[in-house]
Amino acid sequence: MKLENRISREKSAALFAEAKKYFPGGVNSPVRAFKSVSGPPLFIRRGEGCYMWDEDGNRLLDFCCSWGPLILGHNHPEVRAAIVEAVQNGTSFGTPTRMGNLLGGLMIEHNRFLEMVRFVSSGTEAVMSAIRLARGYTGRNKIVKFEGCYHGHADALLVKAGSGLATFGTSTSAGVPEAFTRETIVLPLDDEEAVDAAFARYGDDIACVIIEPVPANNGLLLQRPDFLQYLRDKTRAHGALLLFDEVISGFRLGFEGAAGHYGIEPDLLTYGKIIGGGMPVGAYGGKADIMHHVAPDGPVYQAGTLSANPVAMAAGYATLQQLLQPGFYEALEARTARLTSAVQQYADDKGYPLTLPHIASIFWFNFSRDIIRRADQIDPAGMERFKVLHHELLQRLVYLGPSGYEVGFVSAAHDEQALAYAVEQMCAALDVAFRQ
Ligand SMILES: *Cc1c(COP(=O)(O)O)cnc(C)c1O
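For clarity, every value in this text was computed on a predicted model and none was experimentally measured.

Caption draft 1: Region of the structure containing the overall build of the chain. Looking only at helices and strands, the chain features 13 helices and 16 strands. Taking 2.2 N^0.38 as the reference for a compact globule, 436 residues should give roughly 22 Å; the C-alpha atoms of the chain span a radius of gyration of 22 Å, in line with that estimate. If one aligns the C-alpha atoms of the chain with their principal axes, the spans along those axes are about 60 × 55 × 45 Å. The 436 residues of the chain split such that 56% are buried. Taking all contacts inside the chain whose residues are at least 6 apart in sequence as the whole, residues at least 24 apart take part in 72%. Counting every atom, the chain has about 18400 Å² of accessible surface; 51% of that belongs to carbon and sulfur. When the 40 basic and 48 acidic side-chain charges of the chain are each reduced to a single mean position, those positions are 5 Å apart.

Below you can see the structure in the form of structure tokens.
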């Protein structure tokens, strides 16, 4: 089906044509290429609050928010001021800085699950390093991950379930040797029996179980708290570590992330996205006795030329201070709930098979009436409807991440007026998506 443009996308289309000469697929991260939706990706020039402006001059109401980092919205004045102030002194020294202490100290002071952290430059790097630490600390080789969770693009994690129960995975990317995937066990979410089977067979060699406690990279697959608790108990009983990958949920479900929300203590945690306030920062942390195994205190090597970059630290520190304001999370969550319940009500009235699961300020368009907790429960047919919804919303100047498997984010800059506009346009766009 051809989806017609009613907004101008000519400048973006021309820039994309040029970008294709420079970058594989014209992009520097694959989903940006708009492969699962229609038209060229929009080239963004500027952002302010809940809006961003593309090169054609369209002003878009943004629910992608740079894929999660921008919990305060675009170009927050205090974050910008902190960056500008930091940059006056230079951009990088390759030494410890006071800014690193400020951000590290703030994270640890307000998060009971962190005794020590190490800063890196991306979520991928945080997870990759935390897994090395789990292996170094336990002296074991295997890791358990879940189908439908994304943990960045380190080799050992680009693995999906193979055939058969609790078998080793197969790689989801060319270039990952089979030997690497043999150390990764991939299980379905929401399935205690599969966890039991894996531990019964390989329990002595499992270094850690890694999970997104709020899986939000393949739809929003909200887990039963019981299942997360089960992972806690099972890992503890077998001397394996529990690693919560909180790159999305950290500082999103509250300052203590999903661990705080569910009251479950993992051994290691990874962060990214929000902690850099829009600059490239990741971190991993946990109990001090585990973290002391990292170099130079311990034998697990991990380093970074630009780690704890002072400008990025300043952006993160300014962001996290805003999150500590009383009532910040409650207000954001209430706004998100109003958005999703208004759209849900409309869909229900019209009899559309749609649900909008949400938690804190994360939401997802699920083209089904079922509660979905596992990746294999998502019906790919819904993605065709999403494509129409995405296109129709773009025409109405509302920007969602360009794939039906991506979640949406509400920021503190999404005011009542913007959200009322979003509800109106989402309902109208659903009429189009369900008319097809
Ligand atoms: C985004 C994400 C990552 C990867 O972070 P990058 O900064 O893109 O490398 C890892 N884990 C989770 C849960 C994520 O959402």
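Let us keep going from here.
Caption draft 2: Spotlight on empty space enclosed by the protein. On inspection of all chains with the given rule, the structure shows two cavities of 30 Å³ or more. Each pocket or cavity is described by its volume, and for the largest cavity that value is around 60 Å³. If you go around the largest cavity, the residues you meet are Trp-364, Phe-365, Asn-366, Phe-367, Ser-368, Ile-372, Ile-378, Asp-379, Gly-382 and Met-383. Among the residues making up the lining of the largest cavity, the classes are represented as six nonpolar, three polar and one charged. The computed volume of the second largest cavity comes to approximately 50 Å³. For the second largest cavity, the full set of lining residues is Phe-363, Trp-364, Phe-365, Phe-386, Leu-400, Gly-401, Ser-403, Glu-406, Val-407 and Gly-408. Residues that form the lining of the second largest cavity fall into these classes: six nonpolar, three polar and one charged.

Caption draft 3: Here's a closer look at the layout of surface pockets. Within this model, the second largest pocket holds a volume of roughly 680 Å³. What lines the second largest pocket is a set of 29 residues, and nearest its centre among them are Val-117, Arg-118, Phe-119, Ser-307 and Ala-308. If you list the elements that add at least two residues to the lining of the second largest pocket, you get α3 (98–109) and β4 (116–120). Looking at the lining of the second largest pocket residue by residue, the class counts come to 13 nonpolar, 14 polar and two charged.

Caption draft 4: Inspection of the site of the ligand at higher detail. What surrounds the ligand is the set Ser-122, Gly-123, Thr-124, Tyr-150, His-151, Gly-152, Glu-212, Asn-217, Asp-245, Val-247, Ile-248 and Lys-273. In the model, an oxygen atom of the ligand is placed 2.6 Å from a nitrogen or oxygen of the Thr-124 side chain. Within the side chain of Lys-273, one N or O atom sits 2.6 Å away from an oxygen atom of the ligand. Here the ligand loses 83% of its free accessible area of 380 Å² to cover by the protein chains. Partitioned by chemical class, the residues of the shell around the ligand number three nonpolar, six polar and three charged.

Caption draft 5: Broad picture of the side chain of Thr-184. Checked against the element boundaries, Thr-184 lands in strand β8 (residues 184–187). Residue class for Thr-184 comes out buried when judged on its relative accessible area of 0%. A polar contact of 2.8 Å, which involves the side chain of Thr-184, links it to the backbone oxygen of Ala-156.

Caption draft 6: Spotlight on the pairing of strand β10 (residues 241–245). Burial of β10 is extensive: five of the five residues sit out of reach of the surface. Of the two faces of β10, the one holding Leu-241, Leu-243 and Asp-245 and the one holding Leu-242 and Phe-244 are both buried throughout. Note: β10 against strand β11 (residues 268–271), three bridges, orientation parallel. Among the inter-strand pairings, Asp-245 is bridged to a residue of β11, identified as Thr-270.

Caption draft 7: Highlighting the environment of Ala-179. As for its placement among the helices and strands, Ala-179 is situated in helix α5 (residues 178–181). Sequence spacing of Ala-179 and Ala-156 is 23 residues, and the spatial spacing of their C-alpha atoms is 9.6 Å.

Caption draft 8: Broad picture of the state of the cysteines. Per the stated rule, a full pass over the model turns up zero disulfides. The structure places no disulfide on Cys-65, whose sulfur is separated from the nearest cysteine sulfur, that of Cys-64, by 7.1 Å. Its sulfur unpaired, Cys-208 is 13 Å from the next cysteine sulfur, which belongs to Cys-149. Among the residues examined, Cys-208 registers a relative accessible area of 0% and is labelled buried.

Caption draft 9: Local environment of the packing of α3 against helix α10 (residues 310–323). Direction vectors running N to C along α3 and α10 enclose 35°, while the axes themselves pass 8 Å from each other. Here the hand of the crossing between α3 and α10 comes out left-handed. Here Met-99, Gly-100, Leu-102, Leu-103, Leu-106 and Met-107 of α3 come into contact with α10, specifically with Pro-310, Met-313, Ala-314, Gly-316, Tyr-317, Leu-320 and Gln-321. Classifying every residue of the contact of α3 with α10 gives ten nonpolar, three polar and no charged.

Caption draft 10: Structural detail: helix α4 (residues 123–138). Between the first and last C-alpha of α4 there are 22 Å, a value that for 16 residues agrees with the 22 Å anticipated at 1.5 Å per step. Looking at where α4 begins, the residue whose side-chain oxygen comes 3.5 Å from the main-chain nitrogen of Thr-124 is Ser-122. Positioned one or two residues after α4, Gly-139 has a phi angle of 70°, which is positive.

The rules behind each value
Residues numbered from 1 in each chain as written. Predicted model: local features only at pLDDT ≥ 70, side-chain atom pairs only at ≥ 80, totals over all residues. Heavy atoms only, no water. Helix = DSSP H or I, 4+ residues; strand = E, 2+ residues; numbered from the N terminus. Rg over C-alpha atoms; globule rule 2.2 N^0.38 Å. Buried < 20%, exposed > 50% of the residue type's maximum accessible area, 1.4 Å probe, protein only. Contact = heavy atoms within 4.5 Å. Areas by Shrake-Rupley, 256 points an atom, 1.4 Å probe, with all protein chains shown as cover. Lys, Arg positive; Asp, Glu negative; His and termini not counted. Charge placed at Lys NZ, Arg CZ, Asp CG, Glu CD. 1 Å grid on protein atoms, 1.4 Å probe; cavity = no way out; pocket = protein on both sides within 12 Å on 5 of 7 lines; lining within 4 Å. Points joined across faces, edges and corners; volume = space filled by probe spheres on them. Nonpolar A, V, L, I, M, F, W, Y, C, P; charged D, E, K, R; others polar. Near = heavy atom within 4 Å. Polar contact = N/O pair within 3.5 Å; in protein donor to acceptor, adjacent residues only side chain to side chain. Pairing = 2+ DSSP bridges. Disulfide = S-S within 2.5 Å. Axes fitted to C-alpha atoms, helices over the stretch in contact; angles between N-to-C directions. Left-handed = near helix turned anticlockwise from the far one by under 90°. Expected span 1.5 Å × (residues − 1).

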